[in-house]
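Each chain is listed here by its residues.
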Amino acid sequence: GDVGAQHIAEALKVNAVVTKLDLTYNNIGAVGAQHIAEAFKVNVAVTQLGLTVNFIGAVGVQHIAEALKVNATVTELDLSRNDVGDVGAQHIAEALKVNAVVTKLDLTYNNIGAVGAQHIA
């Protein structure tokens with residue numbers, strides 16, 4: 001959940017070893033995503049982040065997107081099944097305009113319609 005995400009985020013701020021983090025099925029909501037995002041603004045080790053099947057939503061993905069604007073190490077990001085919708089897709093699209101390192105992004109099963117897809121395209 002969000003409290004667990006907060007603890008993991010604190011550890012990530014000083015992590016220099018873990019390169020792959022999979023937080024699938026952890027009931028992480030927007031608050032937990034905000035904690036994770038703050039950690040990824042300073043973490044320089046993790047290259048793969050999996051947040052599949054959580055409850056991040058558009059608000060949480062906005063925090064993740066803000067972190068992506070300054071993070072230069074995450075190359076793979078899995079946000080599938082988080083109900084980010086069109087608004088969340090727009091946030092990710094804006095981040096990708098300035099992020100030059102993400103090469104693999106999974107947004108499957110997120111209720112992204114034509115408007116959100118247009119932003120990502």
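Throughout what follows, the structure given in this document is the object of discussion. (Residues numbered from 1 in each chain as written. Predicted model: local features only at pLDDT ≥ 70, side-chain atom pairs only at ≥ 80, totals over all residues. Heavy atoms only, no water.)

**Let's talk about the overall build of the chain**
Looking only at helices and strands, the chain features five helices and four strands. Starting at the N terminus, the α and β elements of the chain follow one another as α-β-α-β-α-β-α-β-α. The C-alpha atoms of the chain give 13 Å as radius of gyration, which agrees with the globular expectation for 121 residues (14 Å, within 12%). Here the chain holds 121 residues, and 40% of them are scored as buried. Summed over its atoms, the accessible surface of the chain is roughly 6,200 Å², and 55% of this surface lies on carbon and sulfur atoms. (Helix = DSSP H or I, 4+ residues; strand = E, 2+ residues; numbered from the N terminus. Rg over C-alpha atoms; globule rule 2.2 N^0.38 Å. Buried < 20%, exposed > 50% of the residue type's maximum accessible area, 1.4 Å probe, protein only. Areas by Shrake-Rupley, 256 points an atom, 1.4 Å probe, with all protein chains shown as cover.)

**Quick word on the packing of helix α1 (residues 2-12) against helix α2 (residues 30-40)**
Orientation of α1 relative to α2, taken along the N-to-C sense of each, is 5 degrees, at an axis distance of 8 Å. As the angle between them shows, α1 and α2 are arranged roughly parallel. Touching Asp2, Ala5, Gln6, Ile8, Ala9 and Leu12 of α1 are Val31, Gly32, His35, Ile36, Ala39 and Phe40, all from α2. Residues belonging to the contact of α1 with α2 are distributed by class as follows: eight nonpolar, three polar and one charged. (Axes fitted to C-alpha atoms, helices over the stretch in contact; angles between N-to-C directions. Parallel < 35°, antiparallel > 145°, perpendicular 65-115°, else oblique. Contact = heavy atoms within 4.5 Å. Nonpolar A, V, L, I, M, F, W, Y, C, P; charged D, E, K, R; others polar.)

**What to know about the sheet that holds strand β4 (residues 104-106)**
Pairing is parallel across the open sheet formed by four strands, whose spatial order is β1-β2-β3-β4. Strands with a single pairing partner mark the edges of an open sheet, and in this sheet they are β1 (20-22) and β4. Between one strand and the next, the sheet's axes are offset by a mean angle of 0 degrees, whatever the strand orientation. Note that β1 and strand β2 (residues 48-50) share three bridges and pair parallel. If you follow Lys20 over to β2, its bridge partner there is Gln48. (Pairing = 2+ DSSP bridges.)

**Remarks on the packing of aromatic side chains**
A complete count under the given rule lists zero aromatic pairs for this structure. Sitting above the plane of the Tyr109 ring, Arg81 keeps its charged end 4.0 Å from the centroid. (Phe/Tyr/Trp six-rings, centres within 6.5 Å; stacked < 30°, edge-to-face > 60°. Lys NZ or Arg CZ within 6 Å of the ring centre and 35° of its normal.)

**Digging into the pattern of salt bridges**
Applying the stated criterion across every chain yields a total of four salt bridges. Across the salt bridge formed by Glu10 and Lys13, the nearest N and O atoms sit 3.3 Å from each other. Residue Glu94 is joined to Lys97 by a salt bridge in which the shortest nitrogen-to-oxygen separation is 3.1 Å. Its relative accessible area of 62% is what places Lys97 among the exposed residues. (Salt bridge = Lys/Arg side-chain N within 4 Å of Asp/Glu carboxyl O.)

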